[in-house]
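# Report on the structure
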Amino acid sequence: MNNVFGLDIGTRNVVGTVGYQTDDKEFVVTAQYVREHETRAMLDGQIHDIGRVAKTIKKVKDELEKQTGQPLEEVCIAAAGRVLKTVTTHVEYEYAQESVVTGEDVHTLDLLGIEKAQEALKEVNDTSYKFYCVGYSTVKFFLNDEVFISLEGHKANKIGEDIIVTFLPEDVVDGLYAAVGQAGLSVANMTLEPIAAINVAIPENYRMLNIALVDVGAGTSDISITRDGSIIAYGMIPHAGDELTEVIVQHFLVDFNMAESIKLQSTTSDTVTYKDIMSIEHTIPAQDVWDVAAPVVDNIAQEVSTKIRELNGDKTVSACFVVGGGGKIHGFTEKLAEDLDLPEERVALRGEEVLGDVTFEQEDIKKDPLLVTPIGICLNYYDQRNNFIMVRFNGERIKLYDNNRLTIVDAALQAGFPNDELFPKRGTPINFTVNGVARLVRGEAGDGAVVTMNGKPASINTPLEPNSEIVIEPSTAGEAAVYKISQLDEYNHSVITFIINGRRVSCPRFVQVNGELEPEDYSIRENDVIETRNYYTVRQIAQFMDLVIDTDQMIFVNNEEADLDTLVYENFSVEWKTDEYGVARIDNNNYNDTQESDTDEASVTAEHDENADSVHEKADADTNDASVLAEPDVENTVARTSEQMMNQVLDELHDDFAKEAEASAVPENELPENELPKNDIQEEIQEEDSSKNTVTVIVNGEPVELSGKDTYIFVDIFTHISFDLQAGKGRAIATVINGRDAQFSEELHEGDKIELYWKEN
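What you are looking at is a predicted structure, and each value in this text was computed from that prediction instead of being measured.

Secondary structure assignment for the protein yields 14 helices and 43 strands. When burial is assessed residue by residue, the protein has 48% of its 761 residues classed as buried. Roughly 36800 Å² of accessible area belongs to the protein as shown, and the carbon and sulfur atoms make up 45% of that amount.

Here it is as structure tokens:
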């Protein structure tokens, strides 16, 4: 028979219990002793005078040793629920792109909330003490700023939650350890008073339910919420039995002790006998006491029910159990049931019925709700749960409160390991604007923290083992974001069209950064202001077309006289006379620089005559070749750059311009009177013939219509869908037609089913 010594160190008195558990799980109390503090050495459950509390504990210990005839060296203790600190906070997590929320994501959100609550608690308390997280509860979830019941499985850009986190201050733990140490005892087990009470008041098979336990003491009412087998939240309100006693003192003109007697009699008999301060004896119905206490009872019940809802996510619980002497006052459980919107039978005072498996060898002890917590402290020793455990974290020995679900991340948080060093960090992002619209390019993702426990690989969610050796190497940041002007959609797909000597000419839009023109290989920097110009000058149009303007002749913009620096906007007409003609090769063109084209409007486009059809068809084919280059790992790719393709097209246009200029040249002296000389450039490239063949294919489940050509090959789909060929990051591209691998040059037919995606390495 191994006796267990438990101490319930309260604000008003210390209750010592010695007993043992039989093989049938019955607990036998062999000795019990209660002693009041001689002075106010404790306030609101927290030790203020360690020495005086130690003396009271020593006297309780000595008395119990006398009763049992055995020395007591180890003791089980509990921290009062009223010393717990509760913080409510809101936390959010934003994904780099829309993602499916996983259970791991929700757990990460909880950890962020706990860390944020810890920081808030440190700011409010302004102490160097650590705080042990002993429980937390999610009040509500947010999905893209909308309230949701559950997040897992949904797609989201941003998730968030309101969370209540409960902490036990380190100084409270240290104070309890110091007091029992000075009394000649060592701590065998430590738990929390609400947990000790639950071990007795709520059978284990009920703890999966959402139940509230209310311990109505003298100065405070402690509340705990259980769900899924664990205590998820704690709370306290500063209203309890002493308020009832004080109103009785005032109404019946008695001292505090007599008022306590009146309160107790009113719960056990129909009449109450007392002496007032004038030594006059009175006998009154218990109903008179109930009526006097009713307003206070209603107020306490209302405060308790409000706190229960707050801790339980703004909703009521399935049932509520009440322990402690203050809860025995008439009408309390009925009023609490009403405020919680529960049937009266679901709010019950737990006392003698829950002590059915407890036997007292001392015949003068009566089973009572007051004994629930002291017995629970002893029983908790056998479970060895909700105790403090020791681990070594990165070489530092730390103590954690074991709430039955500790993981390595809890040790990291307790040790003050930065949360952002647990999870992969992205490289520095770039924030900039394009035509007034804010853009963000995120850096590359880094590597997560490397975690080991006892020398073996682990994760931050690995369950914690007592006395384990934990090592965490911080996560790393990825590469900083790099983004060039050439990657902007506005640069690649935006052109500006002018009417030159009656012919339409399309040019790429200039890009200026912070007011300065920049080439396509310019690397965008933080806070750059990028704008695409909506104009050219006459000089820039000529340079783009590789023309030399005859400045001795008149230049007209929208039929008004102009010069080389006149601004020309979208669809403006320009009339000029050239000395030389041509279209600039890409490698010599400062204004088009090295822009790659993936459409047949990358250079000069317009309405053209019959002779230009072959040129356009050649451009189509070469464009397809250029698209193939986006995936260098695919076999049979065409080894030609888009720059080469464009130069060949421009060479052919160059020849066409020359032929027509020669054919249409007329001596100036033969021109009709009052007619200006015609320009050298008389070529026009028409829009693609709408009579070409149209084919509809299915790309990644979506119909895509291909038009403007007689036949189509695989790479043609890139000009009709949005697919970033620069997003591969070393991965190969998968090309599938009708369930089989395909080549980029393979011909497409009506109804073909195409799959296009990046292969995972």
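Text resumes after the structure shown.
Glancing now at the nonpolar core. With 60 residues, the main nonpolar core has Leu-7, Ile-9, Ile-57, Leu-168, Leu-192 and Ile-375 as its most contacted residues. Every residue in contact with Ile-57, bar those within four places of it in the chain, is listed here: Leu-7, Ile-9, Ala-179, Val-180, Ala-183 and Leu-185. Counting 32 residues, the second largest nonpolar core, distinct from the first, contains Ile-389, Phe-393, Leu-400 and Leu-464.

Counted according to the given criterion, the structure contains 15 salt bridges. We note a salt bridge from Glu-338 to Lys-335, for which the minimum N-O separation is 3.8 Å. Here Glu-338 pairs with Lys-335, and both are found in helix 8 (residues 332-339), just 3 residues apart, close to one helical turn. A salt bridge links Arg-509 to Glu-570; the shortest N-O distance between them is 3.4 Å. Taken together, the residues Arg-509 in the loop between strand 28 (503-508) and strand 29 (511-513) and Glu-570 in the loop between strand 36 (567-569) and strand 37 (573-575) connect sequence positions 61 residues apart.

For the rest of this paragraph, the subject is helix 7 (residues 286-311). Under the 1.5 Å per step criterion, the end-to-end length of helix 7 is 35 Å for 26 residues, consistent within 8% with the ideal 38 Å. The sharpest bend along helix 7 reaches about 50° and sits at Ala-293, with the proline Pro-295 one to four residues further on. Gly-313 sits one or two positions beyond helix 7 and adopts a positive phi of about 75°.

Looking now at the sheet that holds strand 30 (residues 516-517). A sheet is described by the order of its strands in space; here 5 strands give the open sequence 23-22-31-29-30, paired in mixed fashion. Across the chains shown, the open sheet's two edge strands, defined by having one partner strand only, are strand 23 (437-441) and strand 30. For strand 29 and strand 30, the ladder comprises 2 bridges, and the chain directions are antiparallel. Bridging across to strand 30, Gln-512 finds its partner in Leu-517.

Moving on: the confidence of the model for the protein. Looking at the protein as a whole, the pLDDT averages 78, with 80% of positions reaching at least 70. Per-element mean pLDDT across the protein ranges from 38 in helix 13 (residues 613-628) up to 94 in helix 8. Counting interchain partners and residues more than four positions distant, the pLDDT-below-50 stretch residues 656-691 has 59 contacts.

Mapped onto the elements of the fold, Val-91 is located in strand 7 (residues 85-100). For Val-91, a relative accessible area of 7% puts it in the buried group. In this structure the C-alpha to C-alpha distance between Val-91 and Gly-113, which are 22 residues apart in sequence, comes to 5.5 Å. Not counting the four nearest positions on each side in its chain, Val-91 is found in contact with Leu-109, Leu-112, Gly-113, Ile-159, Gly-160 and Glu-161.

Further remarks concern the sheet that holds strand 35 (residues 560-562). Read from one edge of the open sheet, 5 strands run 28-27-37-34-35, paired in mixed fashion. Of all the strands in the sheet, just strand 28 and strand 35 have a single pairing partner and so form its edges. Put simply, the sheet's adjacent strands are angled 35° from each other on average, direction ignored. Across 2 bridges, strand 34 (residues 555-557) lies against strand 37 in antiparallel orientation. Paired with Phe-556 across the strands is Glu-575, a residue of strand 37.

What follows deals with the environment of Gln-553. Turning to its location among the elements, Gln-553 is positioned in the loop between strand 33 (548-549) and strand 34. According to the relative accessible area criterion, Gln-553 is partly exposed, its value standing at 32%. In this structure the C-alpha to C-alpha distance between Gln-553 and Thr-578, which are 25 residues apart in sequence, comes to 8.8 Å.

Another aspect to go through is unusual backbone geometry. Backbone geometry follows two general trends: most residues other than glycine have a negative phi, and most peptide bonds adopt the trans configuration. The phi dihedral of Asn-144 is positive, around 50°, even though this residue is not glycine. Considering the arrangement of structural elements, one finds Asn-144 in the loop between strand 8 (131-143) and strand 9 (146-148). The exposure class of Asn-144 is partly exposed, given its relative accessible area of 32%. Positive phi, close to 50°, is recorded for Asn-738, a residue that is not glycine. If you trace the backbone, Asn-738 turns up in the loop between strand 41 (733-737) and strand 42 (740-741). When its relative accessible area of 43% is taken as the criterion, Asn-738 is described as partly exposed.

Turning next to the side chain of Asn-501. By secondary structure assignment, the location of Asn-501 is in the loop between strand 27 (495-500) and strand 28. Of note is the side chain of Asn-501, whose polar atom sits 3.0 Å from the backbone nitrogen of Trp-576.

Calculation notes
- Residues numbered from 1 in each chain as written.
- Predicted model: local features only at pLDDT ≥ 70, side-chain atom pairs only at ≥ 80, totals over all residues.
- Heavy atoms only, no water.
- Helix = DSSP H or I, 4+ residues; strand = E, 2+ residues; numbered from the N terminus.
- Buried < 20%, exposed > 50% of the residue type's maximum accessible area, 1.4 Å probe, protein only.
- Areas by Shrake-Rupley, 256 points an atom, 1.4 Å probe, with all protein chains shown as cover.
- Core = buried A, V, L, I, M, F, W, Y, C linked by side-chain atoms within 4.5 Å.
- Contact = heavy atoms within 4.5 Å.
- Salt bridge = Lys/Arg side-chain N within 4 Å of Asp/Glu carboxyl O.
- Expected span 1.5 Å × (residues − 1).
- Bend = angle between axes of the 7 residues up to and from the residue.
- Pairing = 2+ DSSP bridges.
- pLDDT = per-residue confidence, 0-100.
- Axes fitted to C-alpha atoms, helices over the stretch in contact; angles between N-to-C directions.
- Polar contact = N/O pair within 3.5 Å; in protein donor to acceptor, adjacent residues only side chain to side chain.

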